[in-house]
Amino acid sequence: PLQGLVDTFMTVWNCSKPVIAAVNGYALGGGCELVQVCDVKIASDKAVMGEPSIRAGYGAPLIITPYSVNLTHAKELMLTGDTVDAEEAARVGWVSRVVPHDRLMAECEKVAKKICLLPQIGVKLTKDSVNRAMEEMGFLNAIKHNLELMTVFDNSTSPEQEEFNAISKAEGLRAALNWRDARFKALED
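Given the structure is predicted, the values throughout are model-derived calculations rather than measurements.

Reading guide: rules and limits
- Residues numbered from 1 in each chain as written.
- Predicted model: local features only at pLDDT ≥ 70, side-chain atom pairs only at ≥ 80, totals over all residues.
- Heavy atoms only, no water.
- Pairing = 2+ DSSP bridges.
- Helix = DSSP H or I, 4+ residues; strand = E, 2+ residues; numbered from the N terminus.
- Axes fitted to C-alpha atoms, helices over the stretch in contact; angles between N-to-C directions.
- Left-handed = near helix turned anticlockwise from the far one by under 90°.
- Contact = heavy atoms within 4.5 Å.
- Nonpolar A, V, L, I, M, F, W, Y, C, P; charged D, E, K, R; others polar.
- Expected span 1.5 Å × (residues − 1).
- Buried < 20%, exposed > 50% of the residue type's maximum accessible area, 1.4 Å probe, protein only.
- Arc of directions from axis to C-beta.

A. Expanded view of the sheet that holds strand E6 (residues 97-99). Read from one edge to the other, the open sheet built from 3 strands follows the order E1-E3-E6, with strand pairing classed as parallel. Only two strands of the sheet have a single neighbouring strand rather than two, namely strand E1 (20-23) and E6. On average, each strand axis in the sheet is inclined to that of its neighbour by 25°, with strand direction left out of account. Pairing analysis gives 4 bridges linking E1 to strand E3 (residues 40-44), with the strands arranged parallel. Considered in E3, the bridge of Ile20 is made with Val40.

B. Region of the structure containing the packing of helix H9 (residues 159-171) against helix H10 (residues 173-188). For the pair H9 and H10, interaxial distance at closest approach is 6 Å and the crossing angle is 145°. You can see that H9 and H10 cross each other, and the crossing is right-handed. Residues Glu160, Glu163, Phe164, Ile167, Ser168 and Glu171 of H9 lie in contact with H10, whose contacting residues are Leu173, Ala175, Ala176, Leu177, Trp179, Arg180 and Arg183. For the contact of H9 with H10, the class distribution of residues is 7 nonpolar, 1 polar and 5 charged.

C. Up close: the sheet that holds strand E5 (residues 83-85). One open sheet holds the 3 strands; their spatial order is E2-E4-E5, and the pairing between them is mixed. Sheet topology places strand E2 (26-28) and E5 at the edges, where each strand pairs with a single neighbour. The average angle at which neighbouring strand axes cross in this sheet is 15°, direction not considered. In terms of strand pairing, E2 meets strand E4 (residues 48-50) through 3 bridges, oriented parallel. When the bridges of E4 are listed, Tyr26 appears paired with Val48.

D. Quick look at helix H1 (residues 2-14). With 13 residues, H1 extends 18 Å from end C-alpha to end C-alpha; this agrees with the ideal 18 Å at 1.5 Å per step. Residues of H1 that are buried include every one of Leu2, Val6, Phe9, Met10, Val12 and Trp13, and no others. Viewed end-on, H1 has its buried residues packed into an arc of 150°, placing them on one side of the element. Residues of H1 that are exposed and point more than 90 degrees away from the buried face comprise Thr11 and Asn14.

Read these as spatial facts, not as claims about activity.
Encoded structure:
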C-alpha cells in the first residue's frame, strides 16, 4: 500500500505538465506531501497543513518536507507533528502564497492560463530541470530509504500506536484523532 501511495506522488512529480495545487482546507500527512510534489502551490486563507503522523507513531510517507522547507523547519514540523495555518505554510515554503478562500480557484486558473501562454517546450524542460536538480540532491534516494524505514514503522508497534488503533476500532477515527491531539492541547496555550 505504501508503494502505491509513493507511486501516486511520483506520477504528479513526473508529469510532463505543471501541476497546480489549490489548497482549500486541510492538507495533512500524505495530503501535505501531495501538495509538495506539485509544481505551483497556492493556499486559501482557510488552509491548514502539517505532518501529524508522528503523533500516531508513524512517519511521513514521501519525506519531501526537508526538500520543500529548510532543514530547521522540516525537523521541527516533522518531529512535533504540529499543523500550521496558511500564512505559516507560506512563510516556511510549503506553499508559494495565500489568497482569500473565495479567490483560490480564480488565482490557480490565472496561473494555469499564464503557463499555457508560455512556450510549452520551455515549460516542460524547466520543470524537468528543477526536478532533476532535486533528484541530484538525493530526493529519489531519500524516497527509497524512507520506504525501507516505513516498512519498519508498518511492522512495529508502540503503546501509542496500540492505543490509537484500539480507540479507532472501538470509537472511530475521529475519537482516536481527538485522543492523539488532546495530549498536546496544554502545550498550545
